Amino acid sequence: MLDFRMETFLTVCKYMNFTHAADALNLTQPAVSQHIKYLENKYGSELFIRDKKKLILTPAGEILRSALETMRNDENTIKKRMQESLLGKKVLNFGVTMTIGEYAIVPSITKYIKNHNDTDFHIKYGNTQTLLSYLYDGSIDFAVVEGYFKKDNYNTRVFKKEEYIAVCSSEHKFKRPIKFLKDLESEKLIIREQGSGTRAILTKTLTLNNMSTSDFSNLIEVENIHTIVSMLCADCGISFLYKSAVEEEIKNGKLKQIPLADFKITHDFTFIWNKDSIFSKEYEQIFEELQSYQNK
């Protein structure tokens, strides 16, 4: 169980403001300050840099935050496991991003489920940032994501490397010859929402080419991959997606890959869990089993 002063520290980390943390904990601000001072004395390290009205975690504070989050989540998992033992079954909670959950991992998950009849499964879908928040609050055990994240906070394993491509309707007529990424600026771009790993990869790639999503003639923002694929088939614009999401439509001739000389990208689908969890060995075994089905 976390010491109450550690809970105070995590709350300050959440709000990065002593007053807001005090309100959330129903404490006075001096009490919050005392709790933080106690921890700083205990560990012999300053936890926050106080820069005028702004709080910044020190490197030592970041280490403590990461460790305490893992301890808190492990404690929650232990409680759940103890309750599950009374029912004689295990419950596995995990998250997958939309693309991975709908296209990349289903065969592996179905085989895993069939081989674990003693387990209940709760599978959450969300974009990368949403799943990271679920890991943060301990509501899922692990996740498989494709977006960017701060790897220092997690144990990671590469589940799969996936090709990321430009795609459009096979009937699409371009206004001019297309060879480079910049040649697509006159096109309507169908794009995922903010926080999506699929969008983050495109945004980063465009930045490296001195471009942004605003350079395209129009933007169509959609939170559902199936809808994006349907819009592409109806020739509503172009998009950038993982090849697995449109592989069937490319095979049957509804969509086509847009060949670009300066756009060759593969990206990792990553299996992640909170760093240094006491359940790391179990999550590693789950990963290895899921990947073994992927490789067959």
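Described below are features of the structure shown in this document. (Residues numbered from 1 in each chain as written. Predicted model: local features only at pLDDT ≥ 70, side-chain atom pairs only at ≥ 80, totals over all residues. Heavy atoms only, no water.)

Attention now goes to the pattern of salt bridges. Tallied over the entire structure, the rule returns 14 salt bridges. For Arg 65, the salt bridge is made with Glu 69, and the minimal N-O distance between the two is 2.5 Å. Of the two residues, Arg 65 and Glu 69 both sit in helix H4 (residues 59-87), four residues apart, roughly one turn of that helix. With relative accessibility at 10%, the residue Arg 65 sits in the buried group. Classification of Glu 69 by relative accessible area gives buried; the value is 9%. Asp 268 is paired through a salt bridge with Lys 161; the nearest N and O atoms lie 2.8 Å apart. (Salt bridge = Lys/Arg side-chain N within 4 Å of Asp/Glu carboxyl O. Helix = DSSP H or I, 4+ residues; strand = E, 2+ residues; numbered from the N terminus. Buried < 20%, exposed > 50% of the residue type's maximum accessible area, 1.4 Å probe, protein only.)

What follows is about the nonpolar core. Core analysis: the largest hydrophobic core is formed by 41 residues, its most contacted members being Leu 184, Phe 240, Leu 260 and Phe 271. Looking at this core, the element that brings in the most residues is helix H11 (residues 280-294), giving five residues. Counting 18 residues, the second largest nonpolar core, distinct from the first, contains Met 6, Phe 9, Val 32 and Leu 39. (Core = buried A, V, L, I, M, F, W, Y, C linked by side-chain atoms within 4.5 Å.)

Across the two faces of strand E2 (residues 54-57) the burial differs, with Leu 55 and Leu 57 buried and Lys 54 and Ile 56 not buried at all. As consecutive antiparallel partners, strand E1 (residues 48-51) and E2 are separated by two residues, and within that stretch Lys 52 has a phi angle of approximately 55 degrees, a positive value. (Pairing = 2+ DSSP bridges.)

What follows concerns helix H7 (residues 128-137). Taken residue by residue, H7 has Thr 128, Leu 131, Leu 132 and Leu 135 as its buried positions. Considered in projection along H7, the buried side chains sweep an arc of 105 degrees and stay on one side of the axis. Positive phi shows up at Gly 138, right after H7, with a value of about 80 degrees. (Arc of directions from axis to C-beta.)

The terminal C-alpha atoms of H11, which comprises 15 residues, lie 21 Å apart, in line with the 21 Å expected from a rise of 1.5 Å per residue. Regarding H11, the residues found buried are Ser 280, Glu 282, Tyr 283, Ile 286, Phe 287, Leu 290 and Tyr 293. Seen along its axis, H11 keeps its buried residues to an arc of 160 degrees; they face one direction. Residues of H11 that are buried sit in contact with H4, strand E3 (90-96), helix H6 (106-114), strand E5 (142-145), strand E6 (154-169) and strand E11 (265-274). (Expected span 1.5 Å × (residues − 1). Contact = heavy atoms within 4.5 Å.)

The subject of this paragraph is the packing of H6 against H11. The contact between H6 and H11 brings their axes to 8 Å, and the two run at 120 degrees. Here H11 runs oblique to H6, going by the angle between their axes. The interaxial crossing formed by H6 with H11 has right-handed handedness. Contacts between H6 and H11 pair Ser 108, Ile 109, Lys 111 and Tyr 112 from the former with Ile 286, Glu 289, Leu 290, Tyr 293 and Gln 294 from the latter. (Axes fitted to C-alpha atoms, helices over the stretch in contact; angles between N-to-C directions. Parallel < 35°, antiparallel > 145°, perpendicular 65-115°, else oblique. Left-handed = near helix turned anticlockwise from the far one by under 90°.)

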